[in-house]
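One-letter residues, chain by chain:
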Amino acid sequence: MNNAKMWLVVKPTVGIPLFLSAVAVGSFAVHYSVLSNTSWVADFLSGQPIGSGAMSSVMPEEAQTMKMASVSGGQEVLVQMPDGTTARAVLKSSDTPVQVALNAPPTD
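Remember, predicted model here, so these are calculated numbers, not experimental data.

This brings us to the overall build of the chain. Broken down by element type, the chain carries 5 helices and 4 strands. Taken from N to C terminus, the helices and strands of the chain fall in the order α-α-α-α-α-β-β-β-β. Relative to all contacts within the chain whose residues are 6 or more apart in sequence, the contacts with residues 24 or more apart total 6%. A total accessible area of about 8500 Å² is found for the chain, and carbon and sulfur atoms account for 67% of it.

Judged by side-chain polarity, Met 6, Leu 8, Val 9, Val 10 and Val 14 come together as a nonpolar surface patch covering roughly 500 Å² of accessible area. Ranked by the residues each element gives to the nonpolar patch, the list is headed by helix 1 (residues 6-9), at 3 residues. Mapped onto the elements, Leu 8 comes out in helix 1. By relative accessible area, Leu 8 is classed as exposed at 74%.

The next subject is the confidence of the model for the chain. Reading predicted coordinates in detail is not appropriate for stretches of low pLDDT. With 63% of its residues at a pLDDT of 70 or more, the chain has an overall mean of 74. Of all secondary-structure elements in the chain, the lowest mean pLDDT belongs to helix 5 (residues 61-64), at 47, while helix 2 (residues 12-37) reaches the highest, 93. Within the model, pLDDT remains below 50 along residues 55-65, and this stretch shows 14 contacts once partners closer than five positions in the same chain are excluded.

Rules used throughout
Residues numbered from 1 in each chain as written. Predicted model: local features only at pLDDT ≥ 70, side-chain atom pairs only at ≥ 80, totals over all residues. Heavy atoms only, no water. Helix = DSSP H or I, 4+ residues; strand = E, 2+ residues; numbered from the N terminus. Contact = heavy atoms within 4.5 Å. Areas by Shrake-Rupley, 256 points an atom, 1.4 Å probe, with all protein chains shown as cover. Patch = residues over 30% accessible without salt bridge, like charges linked within 9 Å, V, L, I, M, F, W, Y side chains within 5 Å. Salt bridge = Lys/Arg side-chain N within 4 Å of Asp/Glu carboxyl O. Buried < 20%, exposed > 50% of the residue type's maximum accessible area, 1.4 Å probe, protein only. pLDDT = per-residue confidence, 0-100.

See the structure below:
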């Protein structure tokens, strides 16, 4: 143990409870930060589907997805991502992959 001489300066009856208290305070701070800065944790703990909490109420429903004109046999959809950027996706039949163009302006 490379810190064995520390117990010659600090008594174990003082150092061990102090160390465990610091771990408990740090753990409480991390858990409080996660609970207060995320919306999915509250949904998970209450048994609701993830995404039904505060994030879905931040953006109006029509701003999340907007259908656009059909392009080359598929349906084009404008999607607003949680970070505020927009993405344009072309939805085609199930046998072809979905094409996504990030930060692309919508076409008229």
